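Take a look at the letters that make up each chain.
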Amino acid sequence: MECTRCGACCVAPDIAALDKPLGLRCPHLTADNLCGVYDRRPQVCRDYQADALCQLIEAPTLEERVRKYLALFELTAEADAIRQDGCSSMRQARRR
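Residues numbered from 1 in each chain as written. Predicted model: local features only at pLDDT ≥ 70, side-chain atom pairs only at ≥ 80, totals over all residues. Heavy atoms only, no water.

A.B. asks: Quick question: what am I supposed to make of the confidence of the model for the protein chain here?
C.D. replies: It should be kept in mind that the predicted coordinates are not to be read in detail where pLDDT is low. Model confidence for the protein chain is summarised by a mean pLDDT of 93, while 99% of its residues fall at 70 or above. Of all helices and strands in the protein chain, the one with the weakest mean pLDDT is helix 5 (residues 90–95) (78), whereas helix 3 (residues 62–72) scores best (97). (pLDDT = per-residue confidence, 0-100. Helix = DSSP H or I, 4+ residues; strand = E, 2+ residues; numbered from the N terminus.)

So this is what it looks like as structure tokens:
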């Protein structure tokens, strides 16, 4: 499956290599949903391949795609708590 550049994989999951918490936008994700550090992105990002999940979360907006991703993995409440607490890093989120 080819990547649709929807951006959800750079927002919904946590990315430990970037200290990016669950449900927050990667600081390297550009406005057009492309990676701003593509040539030096972490291995976890290099290894990610578009798959059936991409089709399951298809939606018109990035916000809707992220919401569907989090709901699919039952992570909505955890992501909401991280956002409400204002956590900007995984380390900070884990301390709370």
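A.B. asks: Honestly, helix 3 in this entry has me stumped. Any pointers?
C.D. replies: Taken as a whole, helix 3 has its buried residues at Leu62, Arg65, Val66, Tyr69 and Leu70. Along the axis of helix 3, the buried positions cluster into a sector of 130 degrees, meaning they face one direction only. Where helix 3 is buried, its residues contact helix 2 (52–56) and helix 4 (76–85). Remark: Glu74 follows helix 3 within two positions and exhibits a positive phi of approximately 55 degrees. (Buried < 20%, exposed > 50% of the residue type's maximum accessible area, 1.4 Å probe, protein only. Arc of directions from axis to C-beta. Contact = heavy atoms within 4.5 Å.)

A.B. asks: Is there a simple way to explain the packing of aromatic side chains in this structure?
C.D. replies: Two descriptors summarise a pair of aromatic rings, namely the distance from one centre to the other and the angle between the planes of the rings. Under the definition given, this model contains one aromatic pair. Of note, Arg41 hangs over the ring of Tyr38, and the distance from its end group to the ring centre comes to 3.7 Å. (Phe/Tyr/Trp six-rings, centres within 6.5 Å; stacked < 30°, edge-to-face > 60°. Lys NZ or Arg CZ within 6 Å of the ring centre and 35° of its normal.)

A.B. asks: Help me understand a nonpolar patch on the surface, please; the structure alone is not making it clear to me.
C.D. replies: A cluster of nonpolar side chains, Leu56, Leu72 and Phe73, forms an exposed patch at the surface whose accessible area comes to about 310 Å². For Phe73, a relative accessible area of 44% puts it in the partly exposed group. (Patch = residues over 30% accessible without salt bridge, like charges linked within 9 Å, V, L, I, M, F, W, Y side chains within 5 Å. Areas by Shrake-Rupley, 256 points an atom, 1.4 Å probe, with all protein chains shown as cover. Salt bridge = Lys/Arg side-chain N within 4 Å of Asp/Glu carboxyl O.)

A.B. asks: Any chance you could explain the environment of Cys3 here in plain terms?
C.D. replies: The residue Cys3 is located in the segment before helix 1 (43–47) in this model. You can call Cys3 exposed: its relative accessible area is 52%. A sequence separation of 51 residues divides Cys3 from Cys54, and the C-alpha atoms of the two residues are 8.2 Å apart.

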